[in-house]
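# Residue-level structure breakdown
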Amino acid sequence: MTAPITQDVLTIPRKMPASDKANLIGLTRDQLRSALIDAGTPEKQAKMRVGQIWTWLYHWGLRDFTGMTNLSKELRQTLADRFSIEIPEVVTRQISSDGTRKYLVRIAGGHEVEVVYIPETDRGTLCISSQVGCTLTCSFCHTGTQKLVRNLTAGEIVGQVMLARDDLDEWPVQGEPNREGRLISNVVLMGMGEPLYNFENVRVGLRVIMDNEGIALGRRRITLSTSGVVPEIARTANEIGCLLAVSFHATTDEVRDQLVPINKKWNIATLLDALRAYPGLTNSERITFEYVMLQGVNDSKEDAYRLVELIRGIPAKINLIPFNEWPGAPYKRSSGNRIHAFADIIHDAGYASPIRTPRGEDIMAACGQLKSATEKTRKVRA
Ligand code: SAH
Ligand code: SF4
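Keep in mind that what you see is a predicted model, and the values were worked out from it rather than measured.

## Concerning the pattern of salt bridges
The final tally for this structure, using the stated rule, is 22 salt bridges. Between Glu285 and Arg220 there is a salt bridge, with the nearest N and O atoms lying 3.2 Å from each other. Taken together, the positions of Glu285 in the loop between α8 (268-276) and β13 (287-293) and Arg220 in the loop between α5 (199-210) and β11 (222-226) put the pair 65 residues apart, joining distant regions of the chain. For Glu285, a relative accessible area of 15% translates into the label buried. Arg235 is paired through a salt bridge with Glu239; the nearest N and O atoms lie 2.9 Å apart. On the criterion of helical spacing, the pair formed by Arg235 and Glu239 is a turn pair, its members being four residues apart in helix α6 (residues 230-240). Glu239 sits in the partly exposed class, given a relative accessible area of 22%. Via salt bridges that share partners, Glu200, Arg203, Glu232, Arg235 and Glu239 belong to a single interconnected network.

## Observations concerning α5
Along its twelve residues, α5 runs 16 Å from first to last C-alpha, staying within 8% of the 16 Å computed at 1.5 Å per residue. Contacts from the buried residues of α5 go to α2 (43-59), α4 (154-168), β10 (186-189), β11 and α6.

## What about the pairing of strand β4 (residues 89-95)?
Among the seven residues in β4, seven count as buried, and that is most of the element. Pairing of β4 with strand β5 (residues 101-107), which is carried by six bridges, proceeds in the antiparallel orientation. Within β5, the residue paired with Ile95 across the bridge is Arg101. Where β4 folds back onto β5 in an antiparallel hairpin, the turn is made up of five residues, including Gly99, whose phi is positive at roughly 95 degrees.

## Observations regarding the site of ligand 1
Around ligand 1 sit 20 residues, and of these Gly193, Ser225, Ser247, His249 and Asn324 come closest. Backbone polar atom of Asn324 to a nitrogen atom of ligand 1: 2.9 Å apart, as the coordinates give it. Relative to its free-state accessible area of 540 Å², ligand 1 is covered by the protein chains to the extent of 96%. At the level of secondary structure, the elements contributing two or more residues to the shell around ligand 1 comprise β11 and β13. Here the shell around ligand 1 is built from residues that sort into nine nonpolar, nine polar and two charged.

## Some thoughts on the site of ligand 2
Residues in contact with ligand 2, as listed here, are Cys134, Leu136, Cys138, Cys141, Gly144, Gly193 and Ser227. Of the residues contributing to the shell around ligand 2, the split by class is four nonpolar, three polar and no charged.

## Observations concerning the packing of α5 against α6
Look at α5 against α6: their axes get within 11 Å of each other, and the N-to-C directions meet at 25 degrees. It follows that α5 is roughly parallel to α6 by the angle criterion. Two packed elements cross with a definite hand, and for α5 against α6 that hand is right-handed. Facing Phe199, Glu200, Val202, Arg203, Leu206, Arg207 and Met210 of α5, the residues of α6 in contact are Glu232, Arg235, Thr236, Glu239 and Ile240. Here the residues of the contact of α5 with α6 sort into five nonpolar, one polar and six charged.

## Description of the environment of Arg123
Mapped onto the elements of the fold, Arg123 is located in the loop between β6 (111-119) and β7 (124-127). The spatial distance from the C-alpha of Arg123 to the C-alpha of Leu183 is 7.2 Å, given a sequence separation of 60 residues. In this view, Arg123 contacts Ile118, Ser185 and Asn186; residues no more than four positions away in its chain are not counted.

## Considering the side chain of Thr251
Structurally, Thr251 is set in the loop between β12 (243-247) and α7 (253-259). On the basis of relative accessibility, which here comes to 6%, the residue Thr251 falls in the buried class. Within the local environment of Thr251, its side chain forms a polar contact with the side chain of Asp303, the two groups lying 2.6 Å apart. A polar contact is formed between the side chain of Thr251 and the side chain of Arg306, at a distance of 2.9 Å. Discounting residues that sit within four places of it in the chain, Thr251 has contacts with Ile268, Tyr291, Asp303, Arg306, Leu307 and Leu310.

Basis of the calculations
Residues numbered from 1 in each chain as written. Chains lettered and ligands numbered in written order. Predicted model: local features only at pLDDT ≥ 70, side-chain atom pairs only at ≥ 80, totals over all residues. Heavy atoms only, no water. Salt bridge = Lys/Arg side-chain N within 4 Å of Asp/Glu carboxyl O. Helix = DSSP H or I, 4+ residues; strand = E, 2+ residues; numbered from the N terminus. Buried < 20%, exposed > 50% of the residue type's maximum accessible area, 1.4 Å probe, protein only. Expected span 1.5 Å × (residues − 1). Contact = heavy atoms within 4.5 Å. Pairing = 2+ DSSP bridges. Near = heavy atom within 4 Å. Polar contact = N/O pair within 3.5 Å; in protein donor to acceptor, adjacent residues only side chain to side chain. Areas by Shrake-Rupley, 256 points an atom, 1.4 Å probe, with all protein chains shown as cover. Nonpolar A, V, L, I, M, F, W, Y, C, P; charged D, E, K, R; others polar. Axes fitted to C-alpha atoms, helices over the stretch in contact; angles between N-to-C directions. Parallel < 35°, antiparallel > 145°, perpendicular 65-115°, else oblique. Left-handed = near helix turned anticlockwise from the far one by under 90°.

By themselves, these are just geometric observations and shouldn't be taken as functional.
Structure, rendered in structure tokens:
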């Protein structure tokens, strides 16, 4: 299954413990404005200062107030006294033989999450996490075997993009206009956790990432993947505006109850109703149905025909994900023939049915394999 391990493991030295100053990363523009006014900025100037600081933080990627040269020396000092600019700390970086990079990232409280960068010829996708662990217990997902530790803050969500930009050396440099590479052209919330169970922080974080005067990633370049938290689905379109992917994975409630237990709360029919009503659904903004291919469980031709019937009328793309095995996993990956036969049926019914190429398998960076190291160590000790 795995490519030869030619990974480069980098262990980054520990930094000083985080300060107790208020962190500016992950604040909305309004929150930043209030923070500046509290720190003595006259209300009349506040909007302009927000714009200036925002550009330093999110366009240039600056991490200290000293370099904010369009602010007075006094203001820079005040800011440095009151605030910090902090993003999660990279503990280790592994580079797969296929170029995929996996970062183990430490957040406040000593918890860890994983972030994965997947370079492709025409794009570069950053897969970020929304929670440490997950409350849901999908039976094929490694993260699902780990209890929820906590939700990530908005700053930690934005920070994952910022630390990857640091590592890829992707921030623009003044005086080098052609440098803007866009190595990270897409962001997917397909790492650890259920993003719609951390809606507020995910919304704020994504809006910071999309903001035009900063990182400026277009809303159609961000995909949020949910296991099917029905009440929050419409809000994703209305309040965030990014694209939606749904972990569908089965064509009967009986099987989906087993694979994606949230189905017992919101079953297939309820989920499909919510998807049919998804605001702004068009052919150019289709819903991605993720479908993990598990040998003998959900990969029959009957399943493929049922799937086509179920989603009829929904502008959709079906992303077939060959199961990524992990130690102790109770399933096997479907054979290549099975996956192709399944894909053909869906394709013949008029839907795009790409088969996702597993990436970074030698460093356990593939979809659904992410799990924090602290948790693993705890298990070993137990
Ligand atoms: N909690 C969200 C997002 C994170 S999981 C969700 O469930 O949608 C991202 C995707 O990886 C989901 O489609 C999930 O079902 C899939 N996945 C999880 N474990 C996997 C595995 N071992 N192999 C392949 N895909 C997996
Ligand atoms: Fe949680 Fe998604 Fe994994 Fe299910 S597939 S356990 S919702 S991270």
